[in-house]
Structure formats: structure tokens, C-alpha cells
Amino acid sequence: AQSVTQLDSQVPVFEEAPVELRCNYSSSVSVYLFWYVQYPNQGLQLLLKYLSGSTLVKGINGFEAEFNKSQTSFHLRKPSVHISDTAEYFCAVTPGDNNNDMRFGAGTRLTVKP
Amino acid sequence: SAVISQKPSRDICQRGTSLTIQCQVDSQVTMMFWYRQQPGQSLTLIATANQGSEATYESGFVIDKFPISRPNLTFSTLTVSNMSPEDSSIYLCSVAAFFGQGTRLTVV
């Protein structure tokens, strides 16, 4: 079975600073990896996903993530955050075939301060 | 990408009653997934709904409490039965890594 660990429950950062949200996974098979954002009182929005190919994945809103198989990590980064990036971020993993269920990390609360 | 519509978006229900949540997808899909997000928590998979067969439930979730229907390849329902305040959560439908907006349920 797959599992995900998000290493930081809360990340406070000042506006225009860079940020990294950490995610590690465990799996005995190849996986697909995802990052989602959840704004208050809203559903989940897909930021980016890694399925195969280039290990550096670019997503929406200026976010990117790098798949590191040897370190079983998929950290999310943004070079300069905005106040509007304040939200909950979830890392998720699914086995590397189609239409399988997704396992989520506990989430990281990103708070961007002026 | 898939467009997923959930109804209702929110509801306040009396304990002991049941609520049925609907999920409509804009394309035909084999598998649909139902998740629960308790307040301040992450998402937990309730069950996988395959068209033409019984839903597969995760540990801790049972069919009597969360019956699921999957009448065709674009639609599914999740019922939360005999509700208690502990069932207050967001319930989300998912297809192929995409999620509906969720149903915010409050049980009083």
C-alpha cells in the first residue's frame, strides 16, 4: 500500500519569499504523485501531477515540484509567494496505473504574511 | 480533465436522518471514488464505486452506514445514513485525480 508524509503541518512565510512544502511517499510499486490546494470552504484544486517523464513538473499559479525517486520525495516549491497563496496544501499518491484510489498526506497549512 | 458536479453543496441535517449526495461526471468513467474530510483533517477514502458491481469499502466504513449507488458510467450517489454529529464532514466525489467541490454536511 502507498502512504504519504507531509513533513510540515504549518509553514508561515512572508510575501514574496520562496517556499518549499515537503512531501515524502512510500510504495512498493511505481506511483503517480499529486499536489492539491484547498482554499477555505472550497474543494480541492489540482496544482500539478507527476505521472512519468521529466522529474520537474510545473503547475498552475507558479508552483513546481520535483520527483526524486531515490529520496522518495515530491516537494512543492514556489519562488515568490503571494498573500493569495494562503491555503491548505495536500500531497497525494496513487499506484502507477489508471483509475486507482488516492492516498493523501495530512496537509500543510501555508500562511503568507504581508 | 473531468468536470464533476456534486449536489447539494451543503446541508444541515437532524441526527437520525439520512442524506443522499449526488455526483455527476461529464464523461463516462469506470471508477468513481468517495472521500470524507473531517474538520481540520485530510481526506480519507470511503469507497470505490464501480459501475455494475458492489462498491468496495475501506476499513472503517460499511455499506449500511454509507450505501453507494452507481447506476451508470457518469453518476453515483453516496448516502450518509442514521446521521450523528460525528458525521459532520465534507464529502467529496473524485474521478481520475479530479474532485467535485464537495458537500459540507453539518449534523445537529
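For the structure, see preceding data.
Residues numbered from 1 in each chain as written. Chains lettered and ligands numbered in written order. Predicted model: local features only at pLDDT ≥ 70, side-chain atom pairs only at ≥ 80, totals over all residues. Heavy atoms only, no water.

**Structural notes on the overall build of chain B**
In plain terms, the rule: Numbered from the N terminus, helices here are DSSP runs of H or I no shorter than four residues, and strands are runs of E no shorter than two. Here the radius of gyration uses the C-alpha set of atoms, whereas the globule reference equals 2.2 Å times the residue count to the power 0.38. Partly exposed residues are those whose accessible area sits between 20% and 50% of the maximum for their type, while under 20% is buried and over 50% is exposed, using a 1.4 Å probe and protein chains only.
Looking only at helices and strands, chain B features zero helices and 11 strands. The linear arrangement of helices and strands in chain B, starting from the amino end, is β-β-β-β-β-β-β-β-β-β-β. Radius of gyration (C-alpha) of chain B: 13 Å, near the 13 Å computed for a compact globule of 108 residues. In terms of overall dimensions, chain B has a C-alpha envelope of 35 × 25 × 20 Å along the principal axes. Relative to its 108 residues, chain B shows a buried fraction of 50%.

**A word on the state of the cysteines**
Basically, it comes down to this: Disulfides are defined as cysteine sulfur pairs within 2.5 Å.
With the rule as written, the count across this model stands at two disulfides over all chains. A sulfur-sulfur distance of 2.0 Å marks the disulfide that ties Cys23 of chain A to Cys91 of chain A. When the S-S torsion is -65°, as for the bridge of Cys23 of chain A with Cys91 of chain A, the disulfide is left-handed. Taken together, the residues Cys23 of chain A in strand β4 (residues 23-26) and Cys91 of chain A in strand β10 (residues 87-95) connect sequence positions 68 residues apart. The residue that forms a disulfide with Cys23 of chain B is Cys93 of chain B, at a sulfur-sulfur distance of 1.9 Å. In this structure, the disulfide formed by Cys23 of chain B and Cys93 of chain B twists by about -70° around the S-S bond and is classed as left-handed. Here the residue Cys23 of chain B occupies a position in strand β3 (residues 19-25), and Cys93 of chain B occupies one in strand β9 (residues 89-95), the gap between them amounting to 70 residues. The residues Cys23 of chain B and Cys93 of chain B share a single accessibility class, namely buried.

**Some details on the sheet that holds β3 of chain B**
All names here are of chain B. Rules: Strand pairing follows a simple DSSP-based rule, namely that at least 2 bridges must link the two strands. All axes are obtained by fitting lines to C-alpha atoms, using only the stretch in contact for helices, and the reported angles, taken between N-to-C directions, cover 0 to 180 degrees.
Pairing is antiparallel across the open sheet formed by four strands, whose spatial order is β1-β3-β8-β7. Bordering the open sheet on either side are β1 (4-7) and β7 (68-72), each of which pairs with just one other strand. Averaged over all pairs of adjacent strands, the angle between their axes in this sheet comes to 15°, without regard to strand direction. Of the strand pairs in this sheet, β3 and strand β8 (residues 75-80) are connected by six bridges, and their pairing is antiparallel. Its bridge partner being in β8, Ile21 is matched across the sheet by Leu78.

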